[in-house]
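In case you want the letters, here they are:
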Amino acid sequence: VDKSTSESDPYKERIEKEIKIYQHKREMDAVTDEEYYNFLKLKLAEYEQYATKYEEEIWDLKQEIFNGQREMLDDWVDDQQKAAERVAMTGNIEGQLDIYRGVIDRMKKELDEAYTYGLDANSDYVQNLEAKIRDAAKSILDITKSVFDDFISYADDFNRWDNFGK
């Protein structure tokens, strides 16, 4: 007979109660998503002390943490894109480039973590991260190309004025 299902488990009940309280706080915006997932990582570490007994709970928490962090990452990339668009309106090219470089650095870090977690290049998540890196790199290239195009246009206009009135 499995003791974990036939008897009360105060340890598990305590952790589940703490998680439910934190879920409620998250739903009420009393804690951020990041704080919530960091809290889940702490609870996961508590379960992992008794890995064989709480294997299912460990799996569930890892899945929720992974999915939540993935969603937060997508939101962060969207926020960075909007920030780059706002910076573009001010004409701050270096600011735009810094934002996209930051996106690439973060995606590389996430890729390393994904590979450490056991995912491979065929994983949808890894492919999504690689696509975000390509998109940010393309944005850097587009911004840089635009600067050079503007310079060439300016130089062409400058040469026209040299010949004006001759």
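The coordinates are above.
The text that follows walks through the structure, step by step, so that each part is easy to find. Counting restarts for each chain: residues are numbered from 1 in the order of the written sequence. The model is predicted, so local features are restricted to residues of pLDDT at least 70 and side-chain atom pairs to those at 80 or more, both for listing and for counting; the totals for chains, interfaces and linings are taken over all residues. Side-chain metrics rest on all non-hydrogen atoms present in the structure, leaving aside hydrogens and water.

1. Points about the packing of aromatic side chains
Item 1. Centres within 6.5 Å are what make two rings of Phe, Tyr or Trp a pair, Trp counting through its six-membered ring; a difference in plane orientation under 30 degrees is then read as stacked, over 60 as edge-to-face, and the rest as tilted. Here the structure, examined in full by the defined rule, presents 6 aromatic pairs.
Item 2. Look at Tyr-11 and Tyr-54: their rings are 5.6 Å apart centre to centre, the planes differ by 40°, and that puts the pair in the tilted class. One end of the pair, Tyr-11, is in helix 2 (residues 10-27); the other, Tyr-54, is in the loop between helix 3 (33-48) and helix 4 (55-90), and 43 residues separate them in sequence.
Item 3. Here the aromatic rings of Phe-66 and Tyr-117 are separated by 5.4 Å at their centres, their planes lie at 5°, and the arrangement is stacked. Note that Phe-66 is positioned in helix 4 and Tyr-117 in helix 5 (residues 93-117), a separation of 51 residues in sequence. Helix and strand definitions here come from DSSP, where helices need a minimum of 4 consecutive H or I residues and strands a minimum of 2 consecutive E residues; each element is numbered from the N-terminal end.

2. Notes on the nonpolar core
Item 1. For our purposes a nonpolar core is just a set of buried Ala, Val, Leu, Ile, Met, Phe, Trp, Tyr and Cys residues, chained together by side-chain atoms within 4.5 Å. Only protein chains enter the calculation, and the probe is 1.4 Å; a residue is then buried if its accessible area is under 20% of its type maximum, exposed if over 50%, and partly exposed in between. Membership of the largest hydrophobic core comes to 21 residues, with the highest contact counts inside it found for Tyr-100, Met-107, Tyr-125 and Leu-129.
Item 2. Mapped onto this core, the elements with two or more residues apiece are helix 4, helix 5 and helix 6 (124-163).
Item 3. Considering each element in turn, this core owes the most residues, 8 residues, to helix 5.
Item 4. Here, residues are in contact when the closest pair of their heavy atoms is within 4.5 Å. Not counting chain neighbours up to four residues away, the residues in contact with Met-107 comprise Leu-73, Trp-76, Val-77, Leu-129, Lys-132 and Ile-133.

3. Examining helix 2
Structural remark: α-helix, 3.6 residues per turn; residues separated by three or four positions point the same way.
Item 1. Relative to the 26 Å expected for 18 residues at 1.5 Å per residue, helix 2 spans 25 Å between its end C-alpha atoms, a close match to the ideal helical length.
Item 2. Listed as buried for helix 2 are Ile-15, Ile-19 and Tyr-22. Along the long axis of helix 2, the arc covered by the buried residues comes to 65°, so they all point the same way. Of the exposed residues in helix 2, those oriented more than 90 degrees away from the buried face are Pro-10, Lys-17, Lys-20 and Glu-27. For a helix, the expected span equals 1.5 Å multiplied by the number of residues minus one. Starting at the helix axis, one direction is taken to each C-beta atom, and the arc is that of these directions.

4. Topic: the pattern of salt bridges
Item 1. Between Lys or Arg on one side and Asp or Glu on the other, a salt bridge is scored when a side-chain nitrogen of the former is within 4 Å of a carboxyl oxygen of the latter. In the structure shown here, the tally under the stated rule is 15 salt bridges.
Item 2. A salt bridge links Arg-106 to Glu-110, with the shortest nitrogen-to-oxygen separation between them at 3.4 Å. Of this pair, Arg-106 and Glu-110 both sit in helix 5, 4 residues apart, which is roughly one turn of the helix.
Item 3. Where salt bridges share partners, they join Arg-14, Glu-18, Lys-43 and Glu-46 into one cluster.

5. What to know about the packing of helix 2 against helix 3
Item 1. Contact geometry of helix 2 with helix 3 gives a least axis separation of 10 Å together with a crossing angle of 175°. As far as their axial angle goes, helix 3 and helix 2 are roughly antiparallel. In contact with Tyr-11, Lys-12, Arg-14, Ile-15, Glu-16, Glu-18, Ile-19, Tyr-22, Gln-23 and Arg-26 of helix 2, helix 3 contributes Asp-33, Glu-35, Tyr-36, Tyr-37, Phe-39, Leu-40, Lys-43, Glu-46 and Tyr-47.
Item 2. Side-chain classes follow a simple rule in which Ala, Val, Leu, Ile, Met, Phe, Trp, Tyr, Cys and Pro form the nonpolar group, Asp, Glu, Lys and Arg form the charged group, and the remainder, Gly included, forms the polar group. Its residues assigned to classes, the contact of helix 2 with helix 3 comprises 9 nonpolar, 1 polar and 9 charged. Interaxial angle, 0 to 180 degrees, is taken between N-to-C directions of lines fitted to C-alpha atoms, where a helix line uses only the stretch in contact. Each angle gets one of four labels, with under 35 degrees taken as roughly parallel, over 145 as roughly antiparallel, 65 to 115 as roughly perpendicular, and the rest as oblique.

6. Let's talk about helix 4
Item 1. With 36 residues, helix 4 extends 53 Å between its outermost C-alpha atoms, agreeing within 8% with the 52 Å of an ideal straight helix rising 1.5 Å per residue.
Item 2. Within helix 4, burial applies to Glu-57, Ile-58, Leu-61, Ile-65, Phe-66, Gly-68, Leu-73, Val-77, Gln-80, Ala-83, Ala-84 and Val-87.
Item 3. Taken from the residues just after helix 4, Gly-91 is the one with a positive phi, measuring 85°.

7. Topic: the packing of helix 3 against helix 4
Item 1. Remark: helix 3 packs on helix 4, axes separated minimally by 10 Å, with the N-to-C direction vectors making an angle of 160°. Between helix 3 and helix 4, the crossing angle belongs to the class labelled roughly antiparallel. The two elements helix 3 and helix 4 cross, and the hand of that crossing is left-handed. Two secondary-structure elements touch here, helix 3 through Asp-33, Glu-34, Tyr-36, Tyr-37, Leu-40, Lys-41, Lys-43, Leu-44, Tyr-47 and Glu-48 and helix 4 through Glu-57, Ile-58, Leu-61, Lys-62, Glu-64, Ile-65, Gly-68, Gln-69 and Met-72.
Item 2. Taken together, the residues of the contact of helix 3 with helix 4 break down into 9 nonpolar, 2 polar and 8 charged. In this scheme the handedness of a crossing depends on how the near helix is turned from the far one: anticlockwise by less than a right angle means left-handed, clockwise means right-handed.

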